[in-house]
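# Report on the structure
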Amino acid sequence: MLLRRTTSKALLATGLAASLALASGCAKSEDDGAKDTSASSGKGDSGQVVATPSAAGDAKSCTIGQFGGKKLDIKGATIGFSQSEKEANPFRIAETASMKAEAEKRGLKLLTANAQSQFSKQISDVQDLLAKGADLLVIAPLNSDGWGPVLRTARAKHIPIVTVDRKINATPCKDYVSFIGSDFVQQGKRAADRMIASTGGKGKLAILLGSAGNNVTTERTKGFKDELKAKAPGLKVVFEQTGDFVREKGQQVTEQLIQSNPDIAGIYAENDEMGLGAVNALKGAGKKAGSVKIVTVDGTRNGVQQIVDGWMSGDVESNPRFGPLAFETLDNFTKGQKVAQDIIIQDSEYSKDNAKSDIGKAF
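Described below are features of the structure shown in this document. (Residues numbered from 1 in each chain as written. Predicted model: local features only at pLDDT ≥ 70, side-chain atom pairs only at ≥ 80, totals over all residues. Heavy atoms only, no water.)

## Describing the state of the cysteines
Using the criterion set out here, one finds 1 disulfide in the structure. A sulfur-sulfur separation of 2.1 Å characterises the disulfide bridge that pairs Cys-62 with Cys-173. The disulfide joining Cys-62 to Cys-173 has a torsion of about 80 degrees about its S-S bond and is therefore right-handed. Remark: Cys-173 occurs in the loop between β6 (161-164) and β7 (178-182) and Cys-62 occurs in strand β2 (residues 61-62); sequence separation between them is 111 residues. Side by side, Cys-62 and Cys-173 carry an identical accessibility label, which is buried. (Disulfide = S-S within 2.5 Å. Helix = DSSP H or I, 4+ residues; strand = E, 2+ residues; numbered from the N terminus. Buried < 20%, exposed > 50% of the residue type's maximum accessible area, 1.4 Å probe, protein only.)

See the structure below:
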């Protein structure tokens, strides 16, 4: 059953109660994305709900004492936010807007940088944020590996780091405080379930892989394949190629796919942008809407519209509005409270049953 979303205020309260209970215990789309980039206060907005069962007492936590830092008042701190990709992607637009909106709402000093999809630049960006006096960092990592130089610098200064959307391969509560994001394996499994329902469980499939070097691509692929193996052995993945989470490359890869596998039954695109590229390729090849089943992950307004129009079969949400939860986590942490090392958010899903009625909740 699809999760129903309420107002951001109610959801945030629910999410924070769950995630912080430890205290007591993805291409050109600038025009498309600019249609609705409200982060955390817009009408129809979908706030993040925390799915982590931290209240059960079995989740690993972190305190500022364990981390080696000192308590501080977040209102007097300088916070640095490092965005990984150019803001031509609706996910990144909404993510950055959410950070800025929450900082403004709280009256906090926020420094921002955008790596423009260049990992070397992101490393330089974060070093620069530290040099400018950032007391706290929120990082949306481009890659999961290669963060050694930044972590060493931040650790020497006892700078707390929260990562959002993607993980870094490092030690929690030593190199960084918390990761906030989705269960990407579960997203892949839900996408597989939607693909199984759409295709009847038989046929040839293609996967448009996200960019290499990060946990999102690895885990969304694993979840999808594991679910197919368990539930639909009649669905065979015969084509896999990276589209780098970019619409243009998703289109190019799908054009190649159509040539090599004209009888393809379904395409799993690991983000909406690649899925939209696949739609463009199918249209260019003269295919009819729905002739090839497309399932994606993100929940952008443009992606959900393709379900309404019949070109996509399903879209698993990956909520980018991290601002409220990221700042609340840092606030509680710097006050000396326990926070979870992994704060997993609960995502909704779009299908033909709810796409038209719920499109206003997409980003």
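More follows now that the structure is in view.
## Thoughts on the nonpolar core
Membership of the largest hydrophobic core comes to 47 residues, with the highest contact counts inside it found for Leu-137, Trp-147, Ile-161, Leu-208, Ile-267 and Ile-294. Among the elements of the structure, α5 (119-131), β5 (136-139), α6 (148-156), β8 (203-209), α9 (247-260), β10 (266-269), α10 (272-284) and α11 (301-308) are those that each provide at least two residues to this core. Residues Ala-77, Ile-79, Val-164 and Leu-325 belong to the second largest nonpolar core, which totals 25 residues. (Core = buried A, V, L, I, M, F, W, Y, C linked by side-chain atoms within 4.5 Å.)

## A look at α5
The first and last C-alpha atoms of α5 sit 18 Å apart over 13 residues, in line with the 18 Å expected at 1.5 Å per residue. Within the sequence span of α5, burial applies to Phe-119, Gln-122, Ile-123, Asp-125, Val-126, Leu-129 and Leu-130. Along α5, the residues classed as buried sweep out an arc of 160 degrees about the axis, all on the same side. Structural note: α5 exposes Ser-120 and Ala-131 on the side pointing more than 90 degrees away from its buried face. Along its buried surface, α5 packs onto β3 (78-83), β4 (109-114), β5 and α6. Of the residues trailing α5, Gly-133 is marked for its positive phi of about 100 degrees. (Expected span 1.5 Å × (residues − 1). Arc of directions from axis to C-beta. Contact = heavy atoms within 4.5 Å.)

## With respect to the pattern of salt bridges
This model, assessed by the stated rule, comprises 23 salt bridges. With a closest N to O distance of 3.3 Å, Glu-349 and Arg-194 form a salt bridge. Here Arg-194 lies in helix α7 (residues 184-199) and Glu-349 lies in strand β15 (residues 349-350), a separation of 155 residues in the sequence. The class for Glu-349 is buried, based on a relative accessible area of 9%. Asp-263 is the salt-bridge partner of Lys-204, the closest N and O atoms lying 3.1 Å from each other. Of the two residues, Lys-204 is situated in strand β8 and Asp-263 in the loop between α9 and β10; the sequence distance between them amounts to 59 residues. (Salt bridge = Lys/Arg side-chain N within 4 Å of Asp/Glu carboxyl O.)

## Here we look at unusual backbone geometry
A positive phi is found at Gln-116, a non-glycine position, where the angle reads about 55 degrees. Within the secondary structure, Gln-116 is located in the loop between β4 and α5. Residue His-158 is not a glycine yet carries a positive backbone phi of 55 degrees. On the secondary structure map, His-158 appears in the loop between α6 and β6. Judged by its relative accessible area of 43%, His-158 is partly exposed.

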